[in-house]
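Listed below are the residues making up each chain.
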Amino acid sequence: MGTVQSVGTDTFTVTTRDGTTVTVDVTSATTYLDPGITAPTMANVTVGKRVAVFGTSGTAGTSGTAGTSGTAGTVTATQVAIGVPNGGPGGPGGPGGSGGPDGDNDGPPSGSAG
């Protein structure tokens, strides 16, 4: 999951939360999901959008590891989810977030006797 930094023809780059850059290649078989759009396409992948990419790894970064090169290489996308929410604490499914512990107000807070 990350934020789109640049978009080209059949490719885009994503920067992940930890700063790693991933190049994403798409094909005619790539499918797109966007809850706000009936039939999303590559045209809906724009700079600044948050995306989750599912696919297969291609080439490794120049040094072969994300930790030293700052790049995780290339992924050939089979599916791209556009406009995904931030996860983690306070985000959906995280503590305090919708669907997470104490985030949906449907019972007593965690750790309470009630």
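Colleague: Whenever I open this one, the overall build of the protein chain confuses me. Can you help?
Modeller: When its secondary structure is counted, the protein chain shows one helix and six strands. From first element to last, N terminus to C terminus, the protein chain shows the α and β order β-β-β-β-β-α-β. Burial status across the protein chain gives 27% buried among its 114 residues. Within the protein chain, counting contacts between residues at least 6 apart in sequence, those at least 24 apart form 52% of the total. Of the roughly 6600 Å² of accessible surface on the protein chain, a fraction of 55% belongs to carbon and sulfur atoms.

Colleague: Would you explain the side chain of T13 in this entry?
Modeller: With respect to the helices and strands, the residue T13 is situated in strand 2 (residues 11-16). A polar side-chain atom of T13 sits 2.7 Å from a polar atom in the side chain of S6. If we skip the residues at most four places from it in the chain, T13 touches T3, V4, Q5, S6, T21, V22 and T23.

Colleague: Quick question: what am I supposed to make of the side chain of D34 here?
Modeller: You can see D34 is positioned in the loop between strand 4 (31-33) and strand 5 (50-57). It turns out D34 is buried and unbridged, and the closest side chain with the opposite charge, K49, is 4.2 Å from it. Contacts of D34, omitting those with residues within four sequence positions, involve P40, K49 and I82.

Colleague: Please explain the environment of A81 as it appears in this structure.
Modeller: Positionally, A81 belongs in strand 6 (residues 71-82). The class for A81 is buried, based on a relative accessible area of 11%. Distance from A81 to M1, taken between C-alpha atoms, is 9.2 Å for residues 80 residues apart in sequence. In contact with A81, other than residues within four places in its own chain, are L33, R50, V51, A52 and F54.

Colleague: What am I meant to see in the confidence of the model for the protein chain here?
Modeller: Fine structural detail should not be taken from predicted coordinates in areas where pLDDT scores are low. Averaged over every residue, the pLDDT of the protein chain is 77; the share at 70 or more is 62%. Scored below 50 in pLDDT, residues 60-70 shows 17 contacts in the model against residues more than four places distant or in partner chains.

Colleague: Any chance you could explain the nonpolar core here in plain terms?
Modeller: Soluble, globular proteins show a tendency: their nonpolar side chains are buried together. In terms of nonpolar packing, the biggest core is built from 14 residues, with F12, V24, V26, Y32, V45, V51 and V80 touching the most fellow members. Among the secondary structure elements, those contributing two or more residues to this core are strand 2, strand 3 (21-25) and strand 6. When residues of this core are assigned to their parent elements, the largest contribution, four residues, is made by strand 6. Residues within four places of V24 in sequence aside, it is in contact with D10, T11, F12, V14, V53, V75 and A77.

Colleague: I'm lost on unusual backbone geometry in this one. Help?
Modeller: It is generally the case that most residues other than glycine have a negative phi and that most peptide bonds are trans. For D10, which is not glycine, the phi dihedral falls at a positive 60°. Its location among the elements puts D10 in the loop between strand 1 (2-8) and strand 2.

Definitions and cut-offs
Residues numbered from 1 in each chain as written. Predicted model: local features only at pLDDT ≥ 70, side-chain atom pairs only at ≥ 80, totals over all residues. Heavy atoms only, no water. Helix = DSSP H or I, 4+ residues; strand = E, 2+ residues; numbered from the N terminus. Buried < 20%, exposed > 50% of the residue type's maximum accessible area, 1.4 Å probe, protein only. Contact = heavy atoms within 4.5 Å. Areas by Shrake-Rupley, 256 points an atom, 1.4 Å probe, with all protein chains shown as cover. Polar contact = N/O pair within 3.5 Å; in protein donor to acceptor, adjacent residues only side chain to side chain. Lys, Arg positive; Asp, Glu negative; His and termini not counted. Salt bridge = Lys/Arg side-chain N within 4 Å of Asp/Glu carboxyl O. pLDDT = per-residue confidence, 0-100. Core = buried A, V, L, I, M, F, W, Y, C linked by side-chain atoms within 4.5 Å.

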